[in-house]
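The residues making up each chain are set out below.
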Amino acid sequence: MPDRSTLAFRDDLVVLFPGQGSLTGGAGLTWRASLHWPLVTRISEVAGIDVESLLIHATDDEVVRTDRAQIATFALSMVAYEELLDRGLRARYLLGHSLGEFSALVASGLLSMDDGARLIAVRGAAMARAAQQSAGSMVALMGGDEGARQALDKLDGVWVANINGTGQIVVSGTTRGLENLLARHRDLGWRRATPLAVGGAFHSPLMSPAQDELDSALAVTSWGDTQATVIANVDGRVHTTAADWRELLSRQLTSPVEFLDATLALPQSVTTSIEMAPGAILTGLTKRIRPFERQFAPTSLTELQELTL
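Attention in this report is confined to the structure presented alongside it. This structure is a prediction, so every number in the text was calculated from the model and none was measured.

Re the nonpolar core
Thought 1: Within the largest apolar cluster, 76 residues are counted, with the highest numbers of intra-cluster contacts made by Phe-17, Trp-31, Leu-55, Phe-74, Leu-94 and Trp-245.
Thought 2: When residues in this core are grouped by element, the largest group, 12 residues, is from helix H4 (residues 66-86).
Thought 3: Setting aside residues no more than four positions away along its own chain, Leu-94 makes contact with Val-14, Val-15, Phe-17, Ala-104, Ala-107, Ser-108, Ala-228, Thr-229, Val-230 and Ile-231.
Thought 4: Listed in part, the 31 residues of the second largest apolar core include Leu-155, Leu-178, Val-257 and Leu-266.

Here it is in structure tokens:
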């Protein structure tokens with residue numbers, strides 16, 4: 001195991017941290033043998049949620065709940081990241097999607113593990129309450145051009161939530177707004193529209209009731225320093241100050257995830273990506289945005305430990 005205090009950054013490497021949509025039931029089963037599994041217990045204690053039970057025993061339907069999925073996804077990503085460091089792989093660039101942005105900030109050292117867990121617990125619970133107040137959901141749209149994108153602005157109760165690639169976005173909306181979209185998507189210029197099994201209309205104005213709770217938690221959060229590069233979801237730019245990140249994490253609740261721009265912000269010198277558990281969704285998205293020589297998405301402890309770069 002390398003000495004982490006002297007572990008050099010890999011300027012050719014980006015680590016991707018997934019959002020809550022990557023989590024499935026039993027996702028933690030293949031990671032329990034990790035020396036870093038006790039992190040799950042630590043995160044459980046900070047968050048006040050039995051994260052280990054969620055990762056081991058919960059079904060797909062049970063883990064989709066926002067207040068469960070976010071903290072469980074974070075815990076598994078952190079176990080995987082610690083294993084990656086044990087392999088001597090320390091990425092200069094860190095990029096997360098929605099919830100994954102918090103994971104990236106913890107990996108960078110800008111947030112501590114405990115503060116990351118605390119913020120995610122507050123965020124997940126507040127978002128779940130906001131979703132109960134205003135019924136809504138999300139729909140993935142494929143195969144549209146800029147005209148199709150602009151047509152969405154004319155719909156009532158529909159907002160762009162994730163820009164994941166060229167002609168590939170996710171929208172949030174009210175129940176009525178999304179029903180209208182699903183009925184008319186081809187007329188609006190979209191080839192395919194797929195309802196998503198999520199717990200609310202995330203990254204939209206319907207999440208604004210959660211903002212005060214998250215802002216209060218962010219206001220008492222301590223921030224560290226980093227030599228890593230974290231690219232923000234809200235604007236696709238690099239930020240390094242606590243003041244910036246407090247605002248960005250707050251805005252992210254109701255603003256689109258600009259994942260396309262954030263991926264394009266990676267320099268061409270970044271030739272390899274590694275996606276942390278529990279999924280491989282971001283690997284699929286990034287390879288459609290820009291070329292990489294190598295991309296990895298180890299979904300088990302064994303796969304990660306056998307990774308050679």
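Observations concerning the pattern of salt bridges
Thought 1: Under the definition given, this model contains eight salt bridges.
Thought 2: Salt-bridge contacts for Arg-129 lead to Glu-213; the nearest nitrogen and oxygen are separated by 2.5 Å. On the criterion of sequence distance, the pair formed by Arg-129 in helix H6 (residues 113-133) and Glu-213 in helix H9 (residues 211-219) is long-range, its members being 84 residues apart.
Thought 3: Under the relative-accessibility criterion, Glu-213 is labelled partly exposed at 32%.

Quick look at the sheet that holds strand E4 (residues 158-165)
Thought 1: Strand order in the open sheet formed by four strands is E4-E5-E3-E6, with antiparallel pairing between adjacent strands. Unpaired on one side and paired on the other, E4 and strand E6 (192-196) mark the two borders of the sheet. The average undirected angle you get between the axes of adjacent strands in this sheet is 25°.
Thought 2: Both E4 and strand E5 (residues 168-174) contribute to a ladder of six bridges, which runs antiparallel. Within the sheet, the bridge partner assigned to Ile-163 lies in E5 and is Ile-169.
Thought 3: Relative to the sheet, helix H8 (residues 175-188) contacts strand E3 (136-142), E4, E5 and E6, its axis offset from that of E5 by approximately 135°.

A closer look at the sheet that holds strand E8 (residues 272-275)
Thought 1: What the five strands build is an open sheet, ordered E7-E2-E1-E8-E9; its pairing is parallel. Sheet topology places strand E7 (229-230) and strand E9 (294-296) at the edges, where each strand pairs with a single neighbour.
Thought 2: With two bridges joining them, strand E2 (residues 91-96) and E7 adopt parallel strand pairing. Counted as the bridge partner of Leu-94 is Val-230 from E7.

Section: unusual backbone geometry
Thought 1: A cis amide bond links Ala-277 to the next residue, Pro-278, at an omega of 20°.
Thought 2: Relative to the helices and strands, Pro-278 is located in the loop between E8 and helix H12 (281-289).
Thought 3: The residue Ser-98 is not glycine, and still its phi comes out positive at about 60°.
Thought 4: Assignment of secondary structure puts Ser-98 in the loop between E2 and helix H5 (99-108).
Thought 5: Owing to a relative accessible area of 12%, Ser-98 belongs among the buried residues under this scheme.

Things to note about the environment of Ser-300
Thought 1: With respect to the helices and strands, the residue Ser-300 is situated in the loop between E9 and helix H13 (301-305).
Thought 2: Residue classification places Ser-300 among the buried residues on the basis of a relative accessible area of 14%.
Thought 3: The spatial distance from the C-alpha of Ser-300 to the C-alpha of Thr-221 is 32 Å, given a sequence separation of 79 residues.
Thought 4: Excluding anything up to four places from it in sequence, Ser-300 contacts Thr-30 and Trp-31.

Topic: the layout of surface pockets
Thought 1: When its volume is computed, the largest pocket comes out at roughly 790 Å³.
Thought 2: As for the largest pocket, its lining consists of 34 residues, of which Gly-21, Asn-162, Leu-196, Val-198 and Ile-281 are closest to the centre.
Thought 3: Breaking the lining of the largest pocket down by element, the ones donating at least two residues are helix H3 (60-63), H6, E3, E4, E5, E6 and H12.
Thought 4: A class-by-class count of the residues in the lining of the largest pocket yields 18 nonpolar, 12 polar and four charged.
Thought 5: Here the second largest pocket is characterised by a volume of approximately 230 Å³.
Thought 6: Looking at the second largest pocket, it is lined by 14 residues, and the ones nearest its centre are Tyr-81, Glu-82, Leu-85, Val-106 and Ala-107.
Thought 7: Secondary-structure elements contributing two or more residues to the lining of the second largest pocket are H4, E2 and H5.
Thought 8: Grouping the amino acids of the lining of the second largest pocket by side-chain chemistry returns 10 nonpolar, one polar and three charged.

Calculation criteria
Residues numbered from 1 in each chain as written. Predicted model: local features only at pLDDT ≥ 70, side-chain atom pairs only at ≥ 80, totals over all residues. Heavy atoms only, no water. Core = buried A, V, L, I, M, F, W, Y, C linked by side-chain atoms within 4.5 Å. Buried < 20%, exposed > 50% of the residue type's maximum accessible area, 1.4 Å probe, protein only. Helix = DSSP H or I, 4+ residues; strand = E, 2+ residues; numbered from the N terminus. Contact = heavy atoms within 4.5 Å. Salt bridge = Lys/Arg side-chain N within 4 Å of Asp/Glu carboxyl O. Pairing = 2+ DSSP bridges. Axes fitted to C-alpha atoms, helices over the stretch in contact; angles between N-to-C directions. 1 Å grid on protein atoms, 1.4 Å probe; cavity = no way out; pocket = protein on both sides within 12 Å on 5 of 7 lines; lining within 4 Å. Points joined across faces, edges and corners; volume = space filled by probe spheres on them. Nonpolar A, V, L, I, M, F, W, Y, C, P; charged D, E, K, R; others polar.

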